[in-house]
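Here is what each chain is made of, one letter per residue.
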Amino acid sequence: MTERILVTGMSGLIGGAVRQRLERDYDLTALNRSLVPGVRTVQADIADLNAIGPAFEGQDTVVHLAASARGSDPWERVRDPNLIGVYNVFEAARQARVSRVIFASSGSTISGWEQVQPYRALVNGDYDNVKAPWPMITHETPVRPAGVYGATKVWGEALARQFSDSFELSIICLRIGLVNQEDRPTDSRQFSVWCSQRDISQMVEKCIQAPQALKFDIFYALSRNKWSYRDISRAREVVGFEPNDEAEAYR
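Now for a look at the structure at hand. (Residues numbered from 1 in each chain as written. Predicted model: local features only at pLDDT ≥ 70, side-chain atom pairs only at ≥ 80, totals over all residues. Heavy atoms only, no water.)

**Structural notes on unusual backbone geometry**
Leave glycine aside and you will find that most residues have negative phi; peptide bonds, for their part, are mostly trans.
Now for step 1: Of note, the amide linkage connecting glutamine 117 to proline 118 takes the cis form, showing an omega dihedral of 5°.
Now for step 2: One can find proline 118 in the loop between β5 (100–106) and α4 (119–124).
Now for step 3: Residue proline 133 is bonded to the preceding alanine 132 through a cis peptide linkage, with omega at -5°.
Now for step 4: Tracing the backbone through its elements, the reader meets proline 133 in the loop between α4 and α5 (147–166).
Now for step 5: Even without glycine at this site, arginine 97 takes up a positive phi of about 60°.
Now for step 6: Position of arginine 97 among the secondary structure elements: in the loop between α3 (75–95) and β5.
Now for step 7: Positive phi is not limited to glycine here, since aspartate 183 has a value of about 60°.
Now for step 8: With respect to the element layout, aspartate 183 can be found in the loop between β6 (170–176) and α6 (190–193). (Helix = DSSP H or I, 4+ residues; strand = E, 2+ residues; numbered from the N terminus.)

**Notes on the pairing of strand β1 (residues 4–8)**
Now for step 1: Among the 5 residues that make up β1, 4 are buried, leaving the element largely enclosed by the rest of the structure.
Now for step 2: Where β1 lies against strand β2 (residues 27–32), 5 bridges are found, and the strand directions are parallel. Residue pairing across strands places valine 7 opposite alanine 30, the latter belonging to β2.
Now for step 3: With helix α1 (residues 13–22) bridging β1 and its parallel neighbour β2, the resulting β-α-β unit is right-handed. (Buried < 20%, exposed > 50% of the residue type's maximum accessible area, 1.4 Å probe, protein only. Pairing = 2+ DSSP bridges. Right-handed = clockwise from strand over helix to strand, strands pointing away.)

**Notes on the environment of aspartate 199**
Now for step 1: Summarising the element assignment, aspartate 199 is placed in helix α7 (residues 197–209).
Now for step 2: For aspartate 199, a relative accessible area of 0% corresponds to the buried category.
Now for step 3: The sequence separation of aspartate 199 and arginine 184 amounts to 15 residues, and the corresponding C-alpha distance is 12 Å.
Now for step 4: Of the polar contacts made by the side chain of aspartate 199, one reaches the side chain of serine 223; its length is 2.7 Å.
Now for step 5: Within polar-contact distance, the side chain of aspartate 199 engages the backbone nitrogen of asparagine 244 at 2.7 Å. (Polar contact = N/O pair within 3.5 Å; in protein donor to acceptor, adjacent residues only side chain to side chain.)

**A short note on the packing of α3 against α5**
Now for step 1: The N-to-C vectors of α3 and α5 enclose an angle of 15°; their axes lie 10 Å apart at closest approach. With respect to their mutual orientation, α3 and α5 come out roughly parallel. Our pair here, α3 against α5, has a crossing hand that is right-handed. From α3, Trp75, Val78, Asn82, Leu83, Val86, Tyr87, Phe90, Glu91 and Arg94 reach across to α5, where they touch Val148, Tyr149, Thr152, Trp155, Gly156, Leu159, Ala160 and Phe163.
Now for step 2: For the contact of α3 with α5, a count of residues per class yields 12 nonpolar, 3 polar and 2 charged. (Axes fitted to C-alpha atoms, helices over the stretch in contact; angles between N-to-C directions. Parallel < 35°, antiparallel > 145°, perpendicular 65-115°, else oblique. Left-handed = near helix turned anticlockwise from the far one by under 90°. Contact = heavy atoms within 4.5 Å. Nonpolar A, V, L, I, M, F, W, Y, C, P; charged D, E, K, R; others polar.)

**Observations regarding the side chain of asparagine 180**
Now for step 1: Residue placement: asparagine 180 occurs in the loop between β6 and α6.
Now for step 2: On the basis of relative accessible area, asparagine 180 is assigned to the buried category, the value being 7%.
Now for step 3: Only 2.8 Å separates the side chain of asparagine 180 from the backbone nitrogen of aspartate 183, close enough to count as a polar contact.
Now for step 4: Engagement of the side chain of asparagine 180 in a polar contact is seen with the backbone oxygen of arginine 184, the distance being 2.8 Å.

**Regarding the sheet that holds β2**
Now for step 1: Ordered by their spatial adjacency, 7 strands build an open sheet running β3-β2-β1-β4-β5-β6-β7, and the pairing between neighbours is parallel. One side of each edge strand has no neighbouring strand; the edge strands of this open sheet are β3 (40–43) and β7 (216–221). Pairwise comparison of adjacent strand axes, ignoring direction, gives a mean angle of 20° for this sheet.
Now for step 2: Taken together, the 6 bridges between β6 and β7 define a ladder with parallel strand orientation. Along β7, the bridge assignment pairs isoleucine 172 with aspartate 217.
Now for step 3: Strands β1, β2, β3 and β4 (61–64) of the sheet are contacted by helix α2 (residues 49–56), whose axis makes an angle of about 175° with β2.
Now for step 4: Contacting β5, β6 and β7, α5 crosses the sheet at an angle of about 155° to β5.

**Notes on the packing of aromatic side chains**
Now for step 1: Per the stated rule, a full pass over the model turns up 8 aromatic pairs.
Now for step 2: Centroid distance tyrosine 119 to tyrosine 229: 5.3 Å. Interplanar angle 55°. Geometry classified as tilted. Taken together, the residues tyrosine 119 in helix α4 and tyrosine 229 in the loop between β7 and α8 (233–239) connect sequence positions 110 residues apart.
Now for step 3: Among the aromatic residues, those joined into a cluster by ring pairs are Tyr87, Phe90, Phe103, Phe163 and Phe167.
Now for step 4: Of note, arginine 251 hangs over the ring of phenylalanine 191, and the distance from its end group to the ring centre comes to 3.7 Å. (Phe/Tyr/Trp six-rings, centres within 6.5 Å; stacked < 30°, edge-to-face > 60°. Lys NZ or Arg CZ within 6 Å of the ring centre and 35° of its normal.)

Structure (structure tokens):
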């Protein structure tokens, strides 16, 4: 039987890339405020638990991408989708007995480290002042969020941990790098933190396919970047993620 996947925020950039990767092999449903042409869509706001509940019935996995994703967004704009909405998605998944949620977290949970060396030099392209090997930021490094947006993603990860510990629900958090419309690095920082559309889509599918025994984890999702400071080795070891793309190809 074809696995049923609910994708929130499918109308976004990452949602569109994930749809392209998954739609041939999975039964997809979109949970979106606007209609997604060509896909069965439940139109609702994730800040409304009662409204989104029906979308989760019968689903095997939820890919939760919907969010206020601009780092510059003020508190009033991020509060409902990134705090209330995340709780509602996890709770609706629990109520519907969904097996797994893949939560789109963000590198913004730790990108505050870019204020200090050697990470500042890496993202500024000041490579002459970087001595290899530099210490990588792992899933165990203390969080250091950039802005309110990054802090909301820290909350989402903490809530995921609580839900996975308390209920029969697997939640995998993806600290996604910079995914852009151009699908290539466009400034010096992106040579460190870029993630191609193909690589984030692969990562999502790897998490869908991971054994159910994987109850909770946090993985960095980005391309194979020479100047990266985010450690993807855990994603490689646990779910077999191997990036197809590399930032240096666009020098």
